[in-house]
Amino acid sequence: MRLSQYFLPVLKENPAEAQIVSHRLMLRAGMIKQSSAGIYSWLPLGYKVLRKVEEIVHQEQQRVGHIPMLMPTLQSADLWKESGRYDAYGPEMLRIRDRQDRDMLYGPTNEEMITDIFRSHVGSYKDLPLTLYHIQWKFRDEIRPRFGVMRGREFLMKDGYNFDLTKEDALHAYNRHLVSYLRTYERMGLQAIPMRADSGPIGGDDTHEFLVLAETGESEVFYDSEITDLTFGDREIDPSDHDACRAVLDEFTSRYARTDETHDPELFAKVPEERQRTARGIEVGQIFYFGTKYSDAMNAKVQGPDGKQVPVHMGSHGIGVSRLLGAIIEASHDDKGIIWPEGVTPFHAGIVNLKQGDEEADAACDALYKSLKALGLDPLYDDRKGGAGMKFATMDLIGLPWRITVGPRGLKNGVVELTSRRTGESAELPPEQAVEKLAKIYAGIA
């Protein structure tokens with residue numbers, strides 16, 4: 001993409017309504033525009049990152065055998081009345097009526113709908129285990145939407161639902177989701193810590209939230225600092241191996257880590273004092289096991305091996321896809337702008353032409369652009385007329401991990417400048433070596 005042909009409405013000044021870094025930078029970088037309170041249009045740059053994040057979620061869900069589908073945003077209230085949650089959910093649910101005077105709602109979650117789909121088509125234990133998921137827009141009518149996409153009313157979310165014959169199998173699904181979530185977040189450059197949490201209106205006794213530590217987090221968290229030394233890395237776990245998945249859960253949840261809602265001061269006091277930490281965290285996902293809560297209420301049963309009808313054991317598992325963009329920016333920025341991790345960057349590198357209109361500089365930039373494209377990389381070429389300061393400021397603001405700077409002086413020596421956004425370090429390299437280095441960097445990105 002050439003910047004002269006792209007839609008990138010960057011702002012020079014900080015928007016007055018933005019209270020936190022991610023909201024401010026997303027507005028300034030031309031990623032989003034508020035449509036109404038807590039509801040945003042996703043402009044091209046923001047939409048590009050959103051799709052990158054969504055694709056990683058899809059890949060990691062399907063890696064462990066979960067099956068994608070798509071459910072509607074509007075749901076019949078009848079299903080929620082059947083489960084008993086229609087009146088219990090609260091004012092966050094947007095309730096509406098259609099022209100036939102039928103009660104409808106804009107879905108905040110999908111336990112009822114997926115249970116209805118399951119009970120309509122699955123009748124035998126031989127069809128289990130089964131995990132279905134989708135990524136869809138949700139709506140929760142927050143009383144005070146704020147912080148941009150971090151606490152909006154409309155948001156994109158992945159929610160998945162497992163159906164199992166026994167509690168043991170359902171808890172394995174829980175552990176399997178934890179494994180897949182750890183990989184998902186690390187691929188986005190995040191450390192998301194699983195913390196014992198409250199189940200809220202979803203219900204159930206077993207639940208962990210995944211939180212990214214950040215000063216602007218909405219939750220107070222208490223944890224053993226040892227947990228921040230853990231990484232999932234490139235290990236391969238067989239998703240059907242109960243013991244292996246359980247071992248990962250034990251590794252990442254055996255140390256104290258809880259949100260304020262489940263904090264236990266007596267247990268926390270047993271953590272060595274030098275490792276006790278209190279901070280704030282941004283929730284980016286949650287996993288639940290809730291047993292037969294919905295299958296009992298909605299008669300979702302299968303025939304067991306003994307021929308008897310039994311309710312299935314269920315769990316639900318969410319990732320806040322749109323919220324993740326805010327979390328990534330909160331965790332990765334400086335005073336100049338965003339610093340995208342390579343796994344989610346909207347463009348792999350920026351090309352800055354210091355003297356647009358110079359025949360040699362233009363030719364060198366065009367050659368770099370074509371070479372990167374030929375290798376499957378996606379560069380953003382700033383071919384606008386204007387000063388170097390303006391171009392560097394734009395690149396720093398939008399946060400591309402790498403910048404190639406091309407100017408007549410360097411070209412006389414046969415080099416361009418390759419700069420890391422994260423470290424600020426630069427190296428002068430022949431153009432073909434700069435391309436080769438970027439190809440190697442991105443070849444290592446899962």
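Check the entry above for the structure.
Visitor: Got a minute to help me understand the overall build of the chain in this structure?
Guide: Regarding its fold elements, the chain presents 13 helices and 23 strands. In terms of overall dimensions, the chain is globule-like: its C-alpha atoms have a radius of gyration of 24 Å, near the 22 Å expected for 446 residues. For the chain, the spread of C-alpha atoms along the principal axes amounts to about 80 × 55 × 45 Å. Residues classed as buried in the chain amount to 53% of the 446 residues present. Within the chain, contacts between residues separated by at least 24 positions form 71% of all contacts whose residues are at least 6 apart in sequence. Of the roughly 19900 Å² of accessible surface on the chain, 47% is carried by carbon and sulfur atoms. Charged side chains of the chain number 55 positive and 68 negative; the gap between the two group centres comes to 5 Å.

Visitor: Where do I start with the packing of helix H1 (residues 21-28) against helix H9 (residues 321-331) in this structure?
Guide: Geometrically, a packed helix pair is captured by the angle between its two axes and the distance between the axes. H9 packs onto H1 with a crossing angle of 105° between their chain directions and a minimal axis gap of 8 Å. Considered as vectors, H1 and H9 are oriented roughly perpendicular to each other. Of H9, the residues touching H1 (which contributes Val-21, Ser-22, Leu-25 and Met-26) are Leu-325, Gly-326, Ile-329 and Glu-330. Residues that form the contact of H1 with H9 fall into these classes: 5 nonpolar, 2 polar and 1 charged.

Visitor: What am I meant to see in the packing of aromatic side chains here?
Guide: Centre distance and the angle of the planes are the two values used to describe a pair of aromatic rings. Applying the stated rule across the entire model yields 11 aromatic pairs. Measuring from centroid to centroid gives 5.3 Å for Tyr-181 and Phe-210, while their planes differ by 55°, and the two rings are tilted. Here Phe-210 lies in strand E10 (residues 206-213) and Tyr-181 lies in helix H5 (residues 167-187), a separation of 29 residues in the sequence. What makes Tyr-181 buried here is its relative accessible area of 0%. When the ring of Tyr-256 is compared with that of Phe-268, the centres are 5.1 Å apart and the planes differ by 45°; the resulting orientation is tilted. Pair noted here: Tyr-256 is in the loop between helix H6 (242-253) and strand E12 (257-259) and Phe-268 is in helix H7 (residues 265-268), with a separation of 12 residues, a long-range link.

Visitor: What should I look at first to understand unusual backbone geometry in this one?
Guide: With the exception of glycine, most residues fall at negative phi, and the peptide bonds are largely trans. Following Leu-128, the chain continues into Pro-129 via a peptide bond in cis, with omega recorded as 0°. Relative to the helices and strands, Pro-129 resides in the loop between helix H4 (111-121) and strand E7 (130-139). Of note in the backbone geometry, Asp-101 takes a positive phi value of approximately 65° without being a glycine. Mapped onto the fold, Asp-101 is located in the loop between strand E5 (94-97) and strand E6 (103-106). According to the relative accessible area criterion, Asp-101 is exposed, its value standing at 52%.

Visitor: Would you mind showing me how to read H5 here?
Guide: Counting along an α-helix, one turn takes 3.6 residues, and residues three or four places apart therefore face a common direction. The end-to-end C-alpha separation of H5 is 30 Å, in line with the 30 Å expected for 21 residues at 1.5 Å each. In terms of burial, H5 is a largely internal element, 16 of the 21 residues being buried. Where H5 ends, the next residue or the one after it, Gly-189, has phi of about 80°, a positive value.

Visitor: Just to check I follow, could you spell out the environment of Pro-401 for this structure?
Guide: Along the chain, Pro-401 turns up in the loop between helix H11 (388-398) and strand E21 (402-406). When neighbours within four sequence positions are excluded, Pro-401 is seen to be in contact with Trp-340, Pro-341, Glu-342, Thr-345, Phe-347, His-348, Thr-419, Ser-420, Arg-421 and Tyr-442.

Visitor: I keep staring at the side chain of Glu-60 and nothing clicks. Help me out?
Guide: Turning to its location among the elements, Glu-60 is positioned in helix H2 (residues 44-63). A distance of 2.9 Å separates polar atoms of two side chains, one belonging to Glu-60 and the other to Arg-63. Here the side chain of Glu-60 touches Arg-183 through a polar contact of 2.9 Å, side chain to side chain. Contacts of Glu-60, omitting those with residues within four sequence positions, involve Ser-180, Arg-183, Thr-184 and Arg-187.

Visitor: Before we go on, may I ask you to explain the sheet that holds strand E23 (residues 426-429) in this structure?
Guide: By definition, the strands of a sheet pair up through backbone hydrogen bonds, in either a parallel or an antiparallel sense. Taken in spatial order, the 5 strands of this open sheet run E20-E19-E21-E22-E23, and their pairing is mixed. Each edge of the open sheet is held by one strand with a lone partner, namely strand E20 (379-382) and E23. When the angles between neighbouring strand axes are averaged without regard to direction, this sheet yields 20°. Alignment of strand E22 (residues 416-420) against E23, held across 4 bridges, turns out to be antiparallel. Each bridged residue has a counterpart across the sheet, and for Leu-418 the counterpart in E23 is Ala-427. Strands in contact with H11 are strand E19 (349-353), E20 and E21; relative to E19, the strand with the most contacts, it is inclined by about 170°.

How each quantity is defined
- Residues numbered from 1 in each chain as written.
- Predicted model: local features only at pLDDT ≥ 70, side-chain atom pairs only at ≥ 80, totals over all residues.
- Heavy atoms only, no water.
- Helix = DSSP H or I, 4+ residues; strand = E, 2+ residues; numbered from the N terminus.
- Rg over C-alpha atoms; globule rule 2.2 N^0.38 Å.
- Buried < 20%, exposed > 50% of the residue type's maximum accessible area, 1.4 Å probe, protein only.
- Contact = heavy atoms within 4.5 Å.
- Areas by Shrake-Rupley, 256 points an atom, 1.4 Å probe, with all protein chains shown as cover.
- Lys, Arg positive; Asp, Glu negative; His and termini not counted.
- Charge placed at Lys NZ, Arg CZ, Asp CG, Glu CD.
- Axes fitted to C-alpha atoms, helices over the stretch in contact; angles between N-to-C directions.
- Parallel < 35°, antiparallel > 145°, perpendicular 65-115°, else oblique.
- Nonpolar A, V, L, I, M, F, W, Y, C, P; charged D, E, K, R; others polar.
- Phe/Tyr/Trp six-rings, centres within 6.5 Å; stacked < 30°, edge-to-face > 60°.
- Expected span 1.5 Å × (residues − 1).
- Polar contact = N/O pair within 3.5 Å; in protein donor to acceptor, adjacent residues only side chain to side chain.
- Pairing = 2+ DSSP bridges.

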